[in-house]
Amino acid sequence: MIFNLYELVKAKPEYFKQLTCKDVLVTQYDCLQVEKMQDIYSQKNFIAYVISGRRIFFRQDSSIEMTEGKCAFVKKGGWLAKKEPSEGWCVLTFFIPDNYLKQFFADYRTSLPLKNINRQATKQMIELDVNETTRNFFNSMAAYLRQIHPPTETLLELKFREMLLSILSNIANKELLNYLLSIADCERVSLEEIMEANYTYNLPLAEFAKIAQRSLASFKREFSVIFNTSPGKWLMQKRLDYASLLLHISQKSVHEIAFESGFENSTHFSRVFKAKFNVSPLAYRKSGNIQPLSLIET
């Protein structure tokens, strides 16, 4: 089962310590994860700073080991989290929508180190360099969350903006600057980019629409124009192709491959795989055929 981290945190203020300023949600929480491997997604970008414990965030193209003192910017969308039974997890998290980041960038553009920064593709998970100044900001935010009487929204936003400016002024974090530059003049995020980055997560269409910042009806219409097919058919083919790749390049079990490719379970995966290609996943693995299944005549 996949869950929406942002919605879960926002809905339970009695459990998750949290503060808000404008569209930013700041929270600190301890371990949520029960399973060793858990699919998670968020409809908003977030910055995570680890206070204690360890997790590994996985995506198709990358992974980040998050341990005490480490920090990452994660774009809205999905990821896979891995934990060991003995490992705790306490993290300070800042959920930040694109619109807030775009306005921040516009306000401080002339103050940021943009020389030699060009618009280019960035990873879904960007590890951030944390210097002493930024670490002090994180510690002050954590202290605010422990106060009986919370700070005013004005003070909280001031501190948050200082923190963002500290992160973005650090040239070691130029990949995050690249991301801000890429969204600065866009009216809304690319639907194609959202889908290509997140098709391996077993999300309802309404949640894909939410991540893409569109109504469900608008999402379906635009999807049909861009991909010339329905979202359901496109997702199924992309997941089958990705699963077929994993069958050849990895030694993972069918259960693991089904999970990582976005299928409900291994039984469902094996059934649709065989129904479409007349061969079971294991038989396909043994065949040695490395051609993407979408290119095979059926």
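Criteria and thresholds
- Residues numbered from 1 in each chain as written.
- Predicted model: local features only at pLDDT ≥ 70, side-chain atom pairs only at ≥ 80, totals over all residues.
- Heavy atoms only, no water.
- Phe/Tyr/Trp six-rings, centres within 6.5 Å; stacked < 30°, edge-to-face > 60°.
- Helix = DSSP H or I, 4+ residues; strand = E, 2+ residues; numbered from the N terminus.
- Buried < 20%, exposed > 50% of the residue type's maximum accessible area, 1.4 Å probe, protein only.
- Pairing = 2+ DSSP bridges.
- Expected span 1.5 Å × (residues − 1).
- Contact = heavy atoms within 4.5 Å.
- Polar contact = N/O pair within 3.5 Å; in protein donor to acceptor, adjacent residues only side chain to side chain.

Chemist: Describe the packing of aromatic side chains, listing the residues and the values that go with them.
Modeler: Evaluated as defined, the whole model comprises 23 aromatic pairs. Summarising the aromatic geometry, the rings of Phe 73 and Tyr 179 are spaced 5.6 Å apart at their centres and angled 50 degrees between planes, so their arrangement reads as tilted. Note that Phe 73 is positioned in strand E7 (residues 71-74) and Tyr 179 in helix H5 (residues 174-183), a separation of 106 residues in sequence. With a relative accessible area of 1%, Phe 73 lands in the buried category. Judged by its relative accessible area of 4%, Tyr 179 falls in the buried class. Between Phe 273 and Phe 277, the ring centres sit 5.6 Å apart and the planes meet at 65 degrees, which makes this aromatic pair edge-to-face. With Phe 273 and Phe 277 both in helix H11 (residues 266-277) and four residues apart, the pair spans about one turn of that helix. Like Phe 273, the residue Phe 277 is buried in the burial classification.

Chemist: Can you explain the pairing of strand E4 (residues 37-42)? Please cite residues and give values.
Modeler: Most of E4 is tucked away, with five of its six residues classed as buried. With two bridges joining them, strand E1 (residues 3-4) and E4 adopt parallel strand pairing. By the bridge assignment for E4, Asn 4 is matched with Tyr 41. Here E4 pairs with strand E8 (residues 77-82) via six bridges, running antiparallel. Across the sheet, residue Ile 40 finds its bridge partner in E8, namely Trp 79.

Chemist: Go over the environment of Ser 270, please, and point to the residues and values.
Modeler: Residue position: Ser 270 is located in helix H11. Judged by relative accessible area, Ser 270 falls into the partly exposed class, the value being 25%.

Chemist: Residue-level account of helix H3 (residues 132-146), with values.
Modeler: Between its first and last C-alpha, H3 extends 21 Å over 15 residues, near the 21 Å set by a 1.5 Å rise per residue. Listing the buried residues of H3 in full gives Thr 134, Phe 137, Phe 138, Ser 140, Met 141, Ala 142, Tyr 144 and Leu 145. Looking at the buried positions of H3, the neighbouring elements they touch are strand E2 (17-21), strand E3 (24-29), strand E5 (45-58), E7, strand E9 (89-96) and helix H4 (153-169). Residue Asn 131 occupies the N-cap position of H3, its side-chain oxygen lying 3.2 Å from the main-chain nitrogen of Thr 133.

Chemist: Describe the pairing of strand E6 (residues 63-67), with residues and values.
Modeler: Across the two faces of E6 the burial differs, with Ile 64 and Met 66 buried and Ser 63, Glu 65 and Thr 67 not buried at all. With five bridges connecting them, E5 and E6 associate as antiparallel partners. Among the inter-strand pairings, Arg 55 is bridged to a residue of E6, identified as Met 66.

Without other data, these values stay purely geometric and don't point to any function.
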